[in-house]
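Chain by chain, the residues run as shown.
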Amino acid sequence: MKNGVKCGMLKSMRRKYKKILNFILIGSLTAGCRGFHRDLGMVARASSVSDIEGQINQHTNQLQNINKQIVALESEQDILQEQIDDLNAEIVNMMASIGLKEDEIAAKEGEIAEKEAEIARARVTIAEKEAEMDQGEAVIAGKEAELAEGRQEYEDGVNAYEEARQEFEKQIADARRQIEDAEEELAELTEPDTYVLDRDTNIGYVCFENDSTIVEGIANIFPVFFFLVAALVCITTMNRMVEEQRTQIGVLKALGYGEGTIMSKYMVYSGLAALSGCTFGFFLGTWGFPQVIWFCYGLMYDTDPICYVFDGRLAVISLAVSLLCSIGTTWLSCRMELAQVAAALMRPKAPKAGKRVLLEYIPFVWRRLGFLHKVSLRNIFRYKKRLFMMIVGISGCTALLVTGFGVKDSIADIGDRQFGEIQTYDCGMTLKEDADGALRERLDGMEAIAGYTCVMEKNMDLEAQAGVKSVYLVTGTKEGMAPFLNLHTEKGEPIDYPGNGEAVISNKLAEDYDIRIGERITLRDSDRKELSVEVTGIYENYLYNYVHVSEDTWLEQTGQEPERRTVYLNLAQGAEEGSPVPADTPTIHELSAELMQLDQVANVSVSSDMMERIGSMLSALDIIVVVVILCAAGLAFIVLYNLTNINITERIREIATIKVLGFYRRETNAYVFRENVLLSALGMALGLGLGHLLHRFVMSEIRVDMIAFHIYVRPISYVYSGILTLLFAWLVNLAMGGKLESISMTESLKSVD
């Protein structure tokens, strides 16, 4: 680029020198010629020769001067021409150099173009970065605002921290003082007694074991009874089926079939029915009932998922008994029928002959009965097998209902009985140390407390002939215990508080270890202190095992004052929950919270809370009892339906005949179902008594270590059981009414007699 500029300058200088030289030469000549012509004009206008000569000389001089100037100019032109030649040579050299540089200039121009493109792209990038910078500045502005807010919050937090730190330091100082005070108290405490408790002493495991024992006692009895009733239904059904098929059996026998072949037909049928029913029942019983029971346990305890155990031995026993009942009954029935000849079998079985019944020998009653009632009574005693089956089946189902309701009655209210009729105090308080005068003064000053007594409750081992048992020993005085403990027998007879050398024990303890009034028992604690006392009374008790002795007995035989670390309290009227009370009187729970603030108090238990806890624990078992009741009710319905269906099937021609004689539908139903109602009433009456015995047997099989049950059945439970039995009988009669209506009167014409 520089060479090009230099070359251009040289060319310009050369042109300039040529122009200057031409200008000088042309200008000088032009000026001389113009002067010469002017002089000629002047000569022409001159009037004299002298003037002309003067002018000629003057012009000659001028021409000479012009020639001189021309010579000078020519010399100057030569000099300029030399300079021009030098310049041309220099230009030629420079042009050669310029040619060499032009390629570099082109390359440089390409680089310049690339750089310019890069500059353009850089400008675009700069524009984008500037836009991003604008956005960043906006973000920075927002963050600066947030930073300002954060700084303000930080300053507020620092202030709050300082305040909290000061409060924390104050609390730490208070806590340290409390720790120092507590350490001083710990230093003053004596070495405590250490007890290692196993699973049997854990209240959760013990309660779970008790509930499981209740279910186990029910499970040991009810399945057997259910199985017996089910076997009765199976026997009745298979016996009836064989009797209905006697004509076909006779035909097969007449055709030459062997007895084994004929019996196999019915035995395979009954065996398949027993096998399928047993399989379905086994898996349903192994899965369904445990699921319900475990659900009930889940309401009371935090249990793991249930683990199902399929007992193969139980399955084999159930299947064997089922096959024995079904196939055995079928074999006996077929054996009895096949003992007859084929001709006798092909004829319908002759109806049983009517007989006089016992009521016929009592004219006072028999004469006052209507004709149809007499027929019904004769039919009842005429079919003795049906009479026996129906009474046994219905009585068994009623007994199961009574037992189910009785189990619920026996376990439902033991908490109310224990804390409402026996241990009648409202609160029990456990102390950290022996009751002192300061505690008694504090209790005397509480208006909500109507009275209290301090006693000693201590774990001791009772040694009897049947073994050793851990019991609660309670020592007190007759006057002090009277408002808080009601000692009486199971029949309600009062028992005096034991005197010196005497003891009163709970009924379950006496029953389990065969202790009777007048016997001596020995009590021993962990320190080997021993008491030997005579049993003077056995009182009704439901929770735990207690032995009551007097303070004089303890003092005389151990030589030490009893450690009165248990306090029984009764509240003033109105302090109990739910009773009318002034606004300033604390409730029982408010009082217990106030008592827990005392330094000497370790624990406070409210009797009403204990009753609710026991009630909720046992109420979950109601579901199990309801399941048992529903199963018993369903079994009763099946028994009634099966026996009623057999009764109608056996008497189709008789029923068709009375319809031919003009009996209306209601009269026909009454004629047939009157027998069912009477048999149901007899079975129900027998079942109520049987249920009472079965209930006592079931409860005797339920052995719970710390709980004694009140074995009784409420009168309303007998009523419920009887009503349910009659209700199922009515439902069966209602269901079978359609079958009676469907019997055609032409059946009475089909007799081959």
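The shown structure was predicted, so the numbers you read here are calculated from the model rather than taken from an experiment.

(A) Seen up close, the pairing of strand β8 (residues 566–571). The buried fraction of β8 amounts to six of the six residues, a majority that puts the element mostly inside the structure. By the alternation rule, side chains of β8 split into Thr566, Tyr568 and Asn570 and Val567, Leu569 and Leu571, which are all buried. Where strand β1 (residues 427–431) lies against β8, four bridges are found, and the strand directions are antiparallel. Paired with Gly428 across the strands is Tyr568, a residue of β8. Note that strand β2 (residues 449–464) and β8 share six bridges and pair antiparallel. Residue Cys454 lies in a different strand from β8, and its bridge partner there is Val567.

(B) Here's a closer look at the packing of helix α10 (residues 384–412) against helix α20 (residues 665–701). Where α10 meets α20, the closest approach of the two axes is 5 Å, and the angle between their N-to-C directions is 40°. It follows from the interaxial angle that α10 and α20 lie oblique. Crossing of α10 against α20: the hand is right-handed.

(C) Focus on empty space enclosed by the protein. Applying the stated criterion across every chain yields a total of one cavity of 30 Å³ or more. The calculated volume of the largest cavity comes to roughly 60 Å³. Around the largest cavity, the lining residues are Gln423, Tyr425, Glu457, Val474, Met481, Phe484, Leu485, Tyr539, Tyr546, His548 and Tyr568. Here the lining of the largest cavity is built from residues that sort into eight nonpolar, two polar and one charged.

(D) Representation of the side chain of Ser333 within the structure. Along the chain, Ser333 falls in helix α6 (residues 312–338). Sequence-distant contacts of Ser333, defined by excluding residues within four places in its chain, comprise Asn239 and Val242.

(E) View of the packing of α20 against helix α21 (residues 715–742). Close contact between α20 and α21 brings their axes to 9 Å; oriented N to C, the two are set at 155°. As the angle between them shows, α20 and α21 are arranged roughly antiparallel. Here α20 and α21 pass one another in a crossing that is right-handed. Where α20 abuts α21, its residues Arg665, Thr668, Asn669, Val672, Phe673, Asn676, Val677, Ser680, Met684, Leu688 and His692 lie against Tyr718, Ser721, Gly722, Thr725, Leu726, Ala729, Asn733, Met736, Gly737, Leu740 and Glu741. A class-by-class count of the residues in the contact of α20 with α21 yields 10 nonpolar, 10 polar and two charged.

(F) Structural context of the environment of Ser592. Looking at where Ser592 falls in the secondary structure, it is placed in helix α16 (residues 588–596). We classify Ser592 as buried; its relative accessible area is 11%. Measuring from C-alpha to C-alpha, the distance between Ser592 and Cys427 comes to 8.0 Å, with 165 residues separating the pair along the chain. Setting aside chain neighbours within four positions, we find Ser592 in contact with Val604 and Val606.

(G) Main features of a negative patch on the surface. A cluster of acidic residues, Glu180, Asp181, Glu183, Glu184, Glu185, Glu188 and Asp599, forms a negative patch at the surface. With respect to the element layout, Asp599 can be found in the loop between α16 and β9 (601–606).

(H) Representation of helix α15 (residues 551–558). Of the positions making up α15, those classed as buried are Glu551, Thr553, Trp554 and Thr558. Down the axis of α15, the sector holding all buried residues measures 160°, keeping them to one side. Of the exposed residues in α15, those oriented more than 90 degrees away from the buried face are Asp552 and Glu556. Backbone geometry just downstream of α15 places Gly559 in the positive-phi region, at approximately 75°.

About the thresholds
- Residues numbered from 1 in each chain as written.
- Predicted model: local features only at pLDDT ≥ 70, side-chain atom pairs only at ≥ 80, totals over all residues.
- Heavy atoms only, no water.
- Buried < 20%, exposed > 50% of the residue type's maximum accessible area, 1.4 Å probe, protein only.
- Helix = DSSP H or I, 4+ residues; strand = E, 2+ residues; numbered from the N terminus.
- Pairing = 2+ DSSP bridges.
- Axes fitted to C-alpha atoms, helices over the stretch in contact; angles between N-to-C directions.
- Parallel < 35°, antiparallel > 145°, perpendicular 65-115°, else oblique.
- Left-handed = near helix turned anticlockwise from the far one by under 90°.
- 1 Å grid on protein atoms, 1.4 Å probe; cavity = no way out; pocket = protein on both sides within 12 Å on 5 of 7 lines; lining within 4 Å.
- Points joined across faces, edges and corners; volume = space filled by probe spheres on them.
- Nonpolar A, V, L, I, M, F, W, Y, C, P; charged D, E, K, R; others polar.
- Contact = heavy atoms within 4.5 Å.
- Patch = residues over 30% accessible without salt bridge, like charges linked within 9 Å, V, L, I, M, F, W, Y side chains within 5 Å.
- Areas by Shrake-Rupley, 256 points an atom, 1.4 Å probe, with all protein chains shown as cover.
- Salt bridge = Lys/Arg side-chain N within 4 Å of Asp/Glu carboxyl O.
- Lys, Arg positive; Asp, Glu negative; His and termini not counted.
- Charge placed at Lys NZ, Arg CZ, Asp CG, Glu CD.
- Arc of directions from axis to C-beta.

Any functional reading would require information that these geometric values do not contain.
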